[in-house]
Amino acid sequence: MLIDLRNLLSGTKEEISVSAELEMNVFKYAVAEYDIIAKKPVELLITRIGKNKLHITGNGYVALSIPCDRCLEPVQTDICFDIDREIDIKEDSGMVEDDEEKDYIDGYNLDVDKLVFGEIFLLIPGKTLCKEDCKGLCLKCGANLNQGECGCDRASLDPRMSVFKDILNNFKEV
Ligand SMILES: [Zn+2]
Ligand SMILES: [Zn+2]
């Protein structure tokens, strides 16, 4: 959703509050692509704080479906975000004044989806697990080990484990 900022910039209005629907249904960045499985409208308050200067505050919520790092099962990841930004818009061109990249300003419009994208991006967890003790997938057959033991001999796949087994065997022999 685009919000027209011209009334604010011209001084006709001092502030506008908007409840903005998010258009995006998927959160994509680099190679990752997460479905947005729940969302609330973004509540925004945009205030004129000076000539061509605006202050944007607000908050919102999305839930992403992110695969578990170990077993790949989708995990609902709730993200609540707060927005607090100041922008400075050039009079003639509608371009943003400083060097900082603010791609959410498009001419004299605020692009809510792009603004929110930046906020979500900062809050994506570095690690996602379906549960703390997720057992992951069998490296041999790919079975989800949370659903039961598949019967593969996985010890032989992990060299660290075999060293450990040797030590155990040595103990037994003593
Ligand atoms: Zn898992
Ligand atoms: Zn297996």
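See the structure shown above.
Read on for a plain summary of the structure.

1. A short note on the overall build of the chain
Inference 1: The helix and strand inventory of the chain stands at three helices and nine strands.
Inference 2: Across the 174 residues of the chain, 34% fall into the buried class.
Inference 3: Restricting the contact set of the chain to residue pairs at least 6 apart, pairs at least 24 apart contribute 54%.
Inference 4: When the accessible surface of the chain is totalled, it reaches about 10900 Å², and 51% of it is carbon and sulfur.

2. Observations regarding a nonpolar patch on the surface
Inference 1: Among the surface-exposed residues, Phe121, Leu122 and Leu123 lie close enough to one another that they form a single nonpolar patch of about 310 Å² accessible area.
Inference 2: Along the chain, Leu123 turns up in helix H2 (residues 112–123).
Inference 3: Taking relative accessible area as the criterion, Leu123 reaches 40% and is therefore assigned partly exposed.

3. Considerations on the environment of Gly118
Inference 1: Its location among the elements puts Gly118 in helix H2.
Inference 2: A relative accessible area of 23% places Gly118 in the partly exposed class.
Inference 3: Gly118 sits 14 residues away from Tyr104 along the chain, and the two C-alpha atoms are 8.9 Å apart.

4. Some details on the packing of aromatic side chains
Inference 1: The final tally for this structure, using the stated rule, is five aromatic pairs.
Inference 2: Here Phe117 and Phe121 contribute two aromatic rings whose centre-to-centre distance is 6.4 Å and whose plane-to-plane angle is 15°, an arrangement assigned as stacked. A residue pair is termed a helical-turn pair when its members lie 3 or 4 positions apart in one helix, as Phe117 and Phe121 do in helix H2 at four residues.
Inference 3: A relative accessible area of 41% means that Phe121 is categorised as partly exposed.
Inference 4: Counting every residue linked through ring pairs, the aromatic cluster contains Phe27, Tyr29, Tyr34, Phe117 and Phe121.
Inference 5: The ring of Tyr61 has Lys40 lying over it, and the distance from NZ or CZ to the ring centre is 5.3 Å.

5. Description of the coordination of the zinc ion (ligand 2)
Tetrahedral coordination by four donors sets the ideal angle at the metal to 109.5 degrees; octahedral coordination by six donors sets it to 90 or 180 degrees.
Inference 1: Summarising the metal site, the zinc ion (ligand 2) is bound by the protein donors Cys138 (SG), Cys141 (SG), Cys150 (SG) and Cys152 (SG), whose distances to it range over 2.2 to 2.4 Å.
Inference 2: For the zinc ion (ligand 2), the four donor atoms in the first shell make angles of 108 to 112° at the metal, a pattern classed as tetrahedral.
Inference 3: One chain supplies every donor for the zinc ion (ligand 2), spaced along it as C-x2-C-x8-C-x1-C. One end of the pair, Cys141, is in the loop between H2 and helix H3 (159–173); the other, Cys152, is in the loop between H2 and H3, with 11 residues separating them in the sequence.
Inference 4: Owing to a relative accessible area of 46%, Cys141 belongs among the partly exposed residues under this scheme.
Inference 5: For Cys152, a relative accessible area of 25% gives the class partly exposed.

6. With respect to the coordination of the zinc ion (ligand 1)
Inference 1: Those donors, Cys68 (SG), Cys71 (SG), Cys130 (SG) and Cys134 (SG), are the protein atoms that reach the zinc ion (ligand 1), and they lie 2.3 Å from it.
Inference 2: Considering all four donor atoms around the zinc ion (ligand 1), angles at the metal cover 105 to 115° and the coordination shape is tetrahedral.
Inference 3: Residue classification places Cys130 among the partly exposed residues on the basis of a relative accessible area of 35%.

7. Brief notes about unusual backbone geometry
Inference 1: One non-glycine residue, Ala30, lies in the positive phi region at around 50°.
Inference 2: Mapped onto the secondary structure, Ala30 falls in the loop between strand E3 (26–29) and strand E4 (32–39).
Inference 3: Unlike most non-glycine residues, Leu72 shows phi in positive territory, near 70°.
Inference 4: Here Leu72 lies in the loop between strand E6 (53–67) and strand E7 (74–88).

8. Quick word on the side chain of Asp113
Inference 1: Looking at where Asp113 falls in the secondary structure, it is placed in helix H2.
Inference 2: Within the local environment of Asp113, its side chain forms a polar contact with the backbone nitrogen of Met1, the two atoms lying 3.3 Å apart.
Inference 3: Excluding anything up to four places from it in sequence, Asp113 contacts Met1, Glu21, Leu22, Glu23 and Met24.

Cut-offs applied
Residues numbered from 1 in each chain as written. Chains lettered and ligands numbered in written order. Predicted model: local features only at pLDDT ≥ 70, side-chain atom pairs only at ≥ 80, totals over all residues. Heavy atoms only, no water. Helix = DSSP H or I, 4+ residues; strand = E, 2+ residues; numbered from the N terminus. Buried < 20%, exposed > 50% of the residue type's maximum accessible area, 1.4 Å probe, protein only. Contact = heavy atoms within 4.5 Å. Areas by Shrake-Rupley, 256 points an atom, 1.4 Å probe, with all protein chains shown as cover. Patch = residues over 30% accessible without salt bridge, like charges linked within 9 Å, V, L, I, M, F, W, Y side chains within 5 Å. Salt bridge = Lys/Arg side-chain N within 4 Å of Asp/Glu carboxyl O. Phe/Tyr/Trp six-rings, centres within 6.5 Å; stacked < 30°, edge-to-face > 60°. Lys NZ or Arg CZ within 6 Å of the ring centre and 35° of its normal. Donors = N, O, S within 2.8 Å, 3.2 Å for Na, K, Ca; no water. Tetrahedral: all angles 85-135°; square planar, octahedral: opposite > 155°, others 65-115°. Polar contact = N/O pair within 3.5 Å; in protein donor to acceptor, adjacent residues only side chain to side chain.

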